[in-house]
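Geometric and topological summary
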Amino acid sequence: MSRLSAVLDRRAFLSSLAATVGVWPAGATDTQSIRLPLPGGPNERALSTAFPGKGAMILQRTRPPLLETPLEVFDQGVFTPNDRFFVRWHWAEIPTEIDAAAFRLRVRGHVERELSLSLDEIGRLPHVEIAAVNQCSGNSRGLFEPRVPGAQWAHGSMGNARWMGVRLKDLLDRAGVRPGAVQVRFDGLDAPVVPEAPDFRKSLNIDHARDGEVMVAFAMNGEQLPLLNGFPLRLLVPGWYSTYWVKMLSDIEVLAYPDGQFWMKVAYRIPNTPGGSVRPSEIGYQTMPISRMVPRAFLTNLAPNAVVKAGAPLPLRGIALGGDCGVKAITVSSDGGRTWLPTRLGSDEGRYSFRRFDVVLPAPRAGQVSLIARCTNAQDVTQPLEQTWNPNGFMRGGVETVSVTAA
C-alpha cells in the first residue's frame, strides 16, 4: 500500500467525510496586500485569510470566490499545499454545506443501467492516485498586452497535487456504456445566479473519458478535498486545463450526440492556430474548444524588480510543466535569449506534475538583468520566445521574463 493509500484507506476516507464543512465570508476584511506585475493593473491586491481552509491568498473576487496562489508558495515545494491552492468558480450559487451521508453521484444517459452512488459505495471501488497540475485556462491573463477582459490573474491560478480517487472508466463500465455513445457530460452542485443563465457543464469525448487516466477524485495531498476546491468529488482530467475539472461533481451523463451547450460551443474556445495565438486586430479565424495544456516554466525564487548582488553568483530556482506530457529540459538565459544555460531537474513526480529546476548563473554585472526560463517537454515542444495572445486571455505559452537589478 502506498503512503497516500495508507493515509486514505476506505475507512479513514469515509470517516473524514462525516465532518461538516464551513462557509466563506460575504466580504473580505484583510489589511495585508501584495503587488502584482500586471501591465494593465490594478497592481495592488488584498491578501485574504478570510476563507475557511485557506491561508493567505490573493483575492481576485469574493463571490464567486477567485483566490490566487502567491508565487512564493511555488518556491516551497513541487506540490501546492491545500490551504494555498487556487480557487476558481463560475457561479456564486455554491453550496456552503454538504451532507456527505446523503450525497449521491448519478451516472445516467446513454447507458445500460443508471447509477446513484453514495460516497460509501464510491469508497469501496479500487483507488488510483496521480500527481497532476490543475491550471486555469486564463492563468497569467493579467499579463496580456493589450489587456483582455476577465479575471486579471498573475501566475497563481494553478497548483500541483497528488490526487486520489476512482477511475471514471470504472464508473462508466459499471453503468454499461451503450453503443453509439459520443461524449460524457459532467455537472456539479454549483448553479447559475439567475434561471436563464447556462448551468456550468463540460464534456469529454467518450474515448478520452474511458482512457483510464480521467478520474473522479475525493482527496488531494493526502486529505479530503477542501470545500472550495470541490468537496466531496471533482473530475480530474490530467494534462488538460481546469475548465474540465468539474468541482462538486454530482452528475455524469453519457451522450449519444455532441454536446452543443454554451460551455462547450461558445465559451472556453481558442483560435484554431498554432499556440491558440492571433494578432490583436485579427478577425475571421476559426475557433476550437481549449483542451491540452502547453509547456511553461516559472522562476520562483526572485520576484520582479528584486535587487540581487552584483558580482556574485546568482542562484535561480523554479517550476515547470510539460503541458500534457513530462518535462524534458529547462534552460535559462540572462541576455535576452542569445545564450542559454541548462538547469538541473528535480525529481520526476510523473508526466502531469510540476518539475523543479535550479541553476547558478555567473555573477551579473551591476545594472538591469532580464532572466528567462524556457521549458522543452517530452514531446520536444519548446516554449516560444514571443508571447502568445488571444482575446480571451487563454493558454498563455510564451516564455516569462523576470527583470531584476544587480547592485
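Further up the page is the structure itself.
Structure report, in brief. (Residues numbered from 1 in each chain as written. Predicted model: local features only at pLDDT ≥ 70, side-chain atom pairs only at ≥ 80, totals over all residues. Heavy atoms only, no water.)

1. A word on the overall build of the protein
Tallying secondary structure elements over the protein gives 7 helices and 26 strands in all. Against the globule reference of 22 Å for 407 residues, the protein gives a C-alpha radius of gyration of 21 Å, in line with a compact fold. By residue count, 55% of the 407 residues in the protein fall in the buried class. For the protein, restricting intrachain contacts to residue pairs at least 6 apart in sequence, the fraction spanning at least 24 positions comes to 70%. About 17,000 Å² of surface is accessible on the protein, with carbon and sulfur atoms providing 50% of the total. One finds the centroid of the 44 positive side-chain charges in the protein at a distance of 3 Å from the centroid of its 38 negative side-chain charges. (Helix = DSSP H or I, 4+ residues; strand = E, 2+ residues; numbered from the N terminus. Rg over C-alpha atoms; globule rule 2.2 N^0.38 Å. Buried < 20%, exposed > 50% of the residue type's maximum accessible area, 1.4 Å probe, protein only. Contact = heavy atoms within 4.5 Å. Areas by Shrake-Rupley, 256 points an atom, 1.4 Å probe, with all protein chains shown as cover. Lys, Arg positive; Asp, Glu negative; His and termini not counted. Charge placed at Lys NZ, Arg CZ, Asp CG, Glu CD.)

2. Remarks on the sheet that holds strand β19 (residues 307-308)
Sheet architecture is open: 5 strands sit in the order β19-β26-β25-β21-β22, paired in mixed fashion. With partners counted over all chains shown, the strands left at the sheet margins are β19 and β22 (341-342), one partner each. Strand direction decides the pairing type here: strand β21 (residues 327-333) and β22, joined by 2 bridges, are antiparallel. Each bridged residue has a counterpart across the sheet, and for T331 the counterpart in β22 is P342. (Pairing = 2+ DSSP bridges.)

3. Some details on the side chain of D75
Its place among the elements puts D75 in the loop between α3 (71-74) and β5 (87-88). Look at D75 and you get buried, because its relative accessible area is 16%. Polar side-chain contacts of D75 include one of 2.8 Å to the side chain of T300. For D75, the contacting residues outside a window of four places in its chain are T300, N301, R317 and R356. (Polar contact = N/O pair within 3.5 Å; in protein donor to acceptor, adjacent residues only side chain to side chain.)

Everything listed is a geometric property; what it means functionally is a separate question.
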